[in-house]
Amino acid sequence: MKSLISADIEALPPLPQTIVALQKICLDEETTIKQVTSIIEKDPFLTAELIKYANSPIYGYTRKIHSVFQAVSMFGISTAKGLAIASAVKASFQIDLSPYSINTKQFVNVANLKSAFLFQWYQDKKELLGILMPCALVMHIGMVIITDCVKKKNKEQEFVQKFNPQAFIDSENTFLNCNQFKILELLFEHWNFERTMVQTAHYLLEDEPPKDLEPYIYPLRVINALISPFSIAEQTQINTALQYIRHYKLDMDSFNATLKNIKLLQESM
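Residues numbered from 1 in each chain as written. Predicted model: local features only at pLDDT ≥ 70, side-chain atom pairs only at ≥ 80, totals over all residues. Heavy atoms only, no water.

1. As for the overall build of the protein
Along the protein, the regular secondary structure elements total 17 helices and zero strands. The C-alpha atoms of the protein give a radius of gyration of 18 Å, which matches the 18 Å a tight globule of 269 residues would have. When the backbone C-alpha atoms are referred to their principal axes, the protein occupies close to 50 × 40 × 35 Å. When burial is assessed residue by residue, the protein has 53% of its 269 residues classed as buried. Intrachain contacts of the protein at a sequence separation of at least 6 include 68% that bridge at least 24 residues. In the protein, the 26 positive side-chain charges and the 28 negative ones have mean positions that sit 4 Å from each other. (Helix = DSSP H or I, 4+ residues; strand = E, 2+ residues; numbered from the N terminus. Rg over C-alpha atoms; globule rule 2.2 N^0.38 Å. Buried < 20%, exposed > 50% of the residue type's maximum accessible area, 1.4 Å probe, protein only. Contact = heavy atoms within 4.5 Å. Lys, Arg positive; Asp, Glu negative; His and termini not counted. Charge placed at Lys NZ, Arg CZ, Asp CG, Glu CD.)

Right, dumping it as structure tokens:
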């Protein structure tokens, strides 16, 4: 099955040149909103996507956004880059998650909720959102690859019978000797994403990530505990997320404030 997964990934089309240029320019700390705007505006699809994100009530803004410049100014360069990357990645896939008993709307809503929660929680650390936002938005995209491979092998029914949504990573490892987060790493490598994104995916489940990756991995672990494709902010999930926050010494007050708004975030989707 691993060889089929690798073949599926290799067959994916390259991401738009806009994303390559965007990643490159955003490595420079002196990059301006105007420069980022000029790159995104060259791609009609990403232009429409970013403006759509900016006008989504899930991000909490009430002002009507009409241009890329307004959207980048509102989100900030890091977040705008992250949203553009996520849009390009999602556009590369036909989403089918039938073996997981998840529909496309549910899958997309979970991704948007993860990103919106992080966006509110990390308002004071926006420089991290360039990595956190795309990772949150495409966190579970490996499930699409897994679905395709399971169907090609005619093992859909077998997968369904053995799959446990409460321990979905363990189920994937048992059935495939691989999991969606390993696939996420392979996807990031395939598209030549910056090292930090590739390494963040690689160490997401590892016990001792490198120190320089902790600011990305720890909040992603929290958000992954709180919001899964199969359940959202149930009490056991909240308890686990809070344990992570205490252990990792993350911002508890801001997290709790965002958690109080999670129902409003869901209603905004």
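This is not the end of the story, as more comes after the structure.
2. So, the side chain of T200
Following the sequence through the fold, T200 ends up in helix α13 (residues 195–203). For T200, the contacting residues outside a window of four places in its chain are I131, C135, L213, Y216, I217 and L220.

3. Section: the nonpolar core
If you look at the biggest cluster of nonpolar residues, it comprises 99 residues, and the most contacted ones within it are F117, L226 and F255. Ignoring anything within four residues of it in the chain, the contact list for F255 reads F117, W121, V222, L226, A241, L242 and I245. (Core = buried A, V, L, I, M, F, W, Y, C linked by side-chain atoms within 4.5 Å.)

4. Concerning helix α3 (residues 33–40)
What α3 keeps buried is the set V36, T37, I39 and I40. All buried residues of α3 lie within an arc of 165 degrees about the axis, which places them on one face of the element. The elements touched by buried residues of α3 are α2 (17–26), α4 (44–54), α5 (68–75) and α6 (77–90). (Arc of directions from axis to C-beta.)

5. Considering the pattern of salt bridges
Tallied over the entire structure, the rule returns 10 salt bridges. Between E158 and K162 there is a salt bridge, with its nearest N and O atoms 3.3 Å apart. One end of the pair is E158 and the other is K162, both in helix α10 (residues 156–162) and four residues apart, which spans about a single turn. Residue K162 is classed as exposed on the basis of its relative accessible area of 56%. One continuous salt-bridge network, built from bridges that share partners, spans D8, D148 and K152. (Salt bridge = Lys/Arg side-chain N within 4 Å of Asp/Glu carboxyl O.)

6. Comments concerning the environment of E185
Residue position: E185 is located in helix α12 (residues 180–190). We classify E185 as buried; its relative accessible area is 6%. In this structure, the C-alpha to C-alpha distance between E185 and Q199, residues 14 residues apart in sequence, is 7.5 Å.

7. Here we look at the packing of aromatic side chains
Counted by the stated rule, this structure contains 20 aromatic pairs. Ring centres of Y100 and F159 lie 5.3 Å apart, and the angle between their planes is 70 degrees; on these two criteria the pair is classed as edge-to-face. Taken together, the residues span a long stretch of sequence, with Y100 in the loop between α6 and α7 (104–121) and F159 in helix α10 at a distance of 59 residues. Chaining the aromatic ring pairs together yields one cluster made of Y100, F159, F163, F168, F175 and F230. (Phe/Tyr/Trp six-rings, centres within 6.5 Å; stacked < 30°, edge-to-face > 60°.)

8. Focus on the side chain of T18
Structurally, T18 can be placed in helix α2. Classification of T18 by relative accessible area gives buried; the value is 12%. Ignoring any residue separated from it by four or fewer positions in sequence, one finds T18 in contact with I39, I40, D43 and L46.

9. Considerations on the confidence of the model for the protein
Here the protein averages 90 in pLDDT, while 99% of its residues score no lower than 70. Per-element confidence in the protein ranges from a low mean pLDDT of 70 for helix α17 (residues 262–268) to a high of 97 for helix α14 (residues 214–226). (pLDDT = per-residue confidence, 0-100.)

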